[in-house]
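# Descriptive structure summary
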Amino acid sequence: MTGDPEIEDAADDERLARVLEDVPKGALAVSLAAVALLLVGWFFVYLAIFIPRGTVG
Amino acid sequence: MPASERDILATELRWSAVVAGAVGIIFGAILYAAVALHANPPSNIETIDPKTLHLSGEFTESNLGTRVEADGQVTTRIVATQFTFVPQCVVVPANRPVTLRLSSPDVIHGILVTGTNVNTMVVPGYVAQVHTEFTASGDLLMPCHEFCGLGHSQMWATVRVVPPESFRPDQDGRVACEKP
């Protein structure tokens, strides 16, 4: 904190640039975890409940 | 250095491939169940006159319940009416194809058999038909699952699945629950 707005803005830009480098990785990790959980839940219902309940038509 | 537009585009394309793969896997599983295992929604379209349901045809009272047809096919006929199933208990054999046929003389009902994939609407004017095979012996609850009036919560029946050796049709091919 220097008190000079221009110097502080420049520092914020640098920090922002560093954070942005990691943003795609974090977003991908969260998205992969969410989709993986969805698939695991869907296949649990499909294999443990739907298929053992037998054929119908 | 922030990710370039090119990097972001590449990431989005990779992510699209992941999502398309997930959708493809689920779609493949659904197709496998439908084509290889014949797990399909009941789709029988067959009309019947609800006004004469109890007077003539296959849903007269004496023809209800389970019957082994001449070709060996096990067929169970049930009338769903406010607020009971007729009969209230049906016997079916385990590990053998069974056809359930239901109709309604009054309002829309629906049935499911607990622990199985049997689930269909019973609409007046139509015959609801479900083919299935019960794999475990025991008494299964079959409630009405479509609100049909004030007595809806009292409307349920029992599907008694018995081992094949205990499934003994009489000379007419009929099998009924023993009277309590």
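Note that the structure is a prediction, hence the values are computed from the model and not measured.

The rules behind these values
- Residues numbered from 1 in each chain as written.
- Chains lettered and ligands numbered in written order.
- Predicted model: local features only at pLDDT ≥ 70, side-chain atom pairs only at ≥ 80, totals over all residues.
- Helix = DSSP H or I, 4+ residues; strand = E, 2+ residues; numbered from the N terminus.
- Buried ≥ 20, exposed ≤ 12 C-beta atoms within 10 Å, placed from the backbone.
- Contact = placed C-beta atoms within 7 Å.
- Nonpolar A, V, L, I, M, F, W, Y, C, P; charged D, E, K, R; others polar.
- Expected span 1.5 Å × (residues − 1).
- Pairing = 2+ DSSP bridges.
- Axes fitted to C-alpha atoms, helices over the stretch in contact; angles between N-to-C directions.
- Domains from an automatic or database assignment.
- Core = buried A, V, L, I, M, F, W, Y, C linked by C-beta atoms within 7 Å.

This brings us to the overall build of chain A. Along its length, chain A carries one helix and zero strands. Looking at chain A as a whole, 2% of its 57 residues are labelled buried.

Attention now goes to the environment of B:H38. Along the polypeptide, B:H38 turns up in the loop between α1 (5–35) and β1 (65–68). Sequence separation between B:H38 and B:Q82 is 44 residues, and the spatial gap between their C-alpha atoms is 32 Å.

What follows concerns the interface of chain B and chain A. Across the boundary between the two partners, chain B contributes 26 residues, which contact 17 residues of chain A. Those elements giving two or more residues to the side of chain B that touches chain A turn out to be α1 and β8 (128–133) of chain B. Tallying contributions element by element places α1(B) first for the side of chain B that touches chain A, with nine residues. When the residues that make up the side of chain B that touches chain A are grouped by side-chain class, the tally is 16 nonpolar, nine polar and one charged.

If you check α1(B), its first and last C-alpha atoms are 44 Å apart, about what 31 residues at 1.5 Å a residue would give, namely 45 Å. For α1(B), a buried count of zero out of 31 residues is recorded, marking the element as mostly open to its surroundings.

Before going further, it helps to examine the sheet that holds strand β4 (residues 89–93) of chain B. Residue and element names in this part refer to chain B. Across the sheet, which stays open at both edges, the three strands sit in the order β4-β10-β9 with mixed pairing between neighbours. Sheet topology places β4 and β9 (138–143) at the edges, where each strand pairs with a single neighbour. Neighbouring strand axes in the sheet, compared pairwise and without regard to direction, differ in orientation by 25° on average. As judged from the six bridges shared by β9 and strand β10 (residues 156–162), these two strands associate in the antiparallel manner. The residue bridging G138 from the neighbouring strand is V161, located in β10.

To continue, consider unusual backbone geometry. Residues and elements named next belong to chain B. Note that the residue after Q82, namely F83, is joined by a cis bond; omega there is 0°. One can find F83 in the loop between β2 (74–81) and β3 (84–86). Residue P87 is bonded to the preceding V86 through a cis peptide linkage, with omega at -5°. Relative to the helices and strands, P87 resides in the loop between β3 and β4. Despite not being glycine, H38 has its phi angle at roughly 55°, a positive value. Assessed through the 13 C-beta atoms surrounding it within 10 Å, H38 is described here as partly exposed. The backbone phi angle of N95 is positive, close to 55°, even though this residue is not glycine. Considering the arrangement of structural elements, one finds N95 in the loop between β4 and β5 (97–103).

Turning our eyes to something else, we now look at the domain arrangement of chain B. Each domain of chain B was delimited in the assignment, giving domain 1 (1–40) and domain 2 (50–175). The C-alpha centroid of domain 2 of chain B is placed 41 Å from the C-alpha centroid of domain 1 of chain B.

What tends to happen in soluble globular proteins is that the nonpolar side chains get buried as a cluster. Residues and elements named next belong to chain B. I78, A80, V92 and L102 are the most contacted members of the largest nonpolar core, which totals 31 residues. Among the secondary structure elements, those contributing two or more residues to this core are β2, β4, β5, β8 and β10. It is β2 that contributes the most residues to this core, four residues altogether. Once residues lying within four places of it in the same chain are set aside, the contact partners of L102 are I78, A80, I111, V122 and A128.

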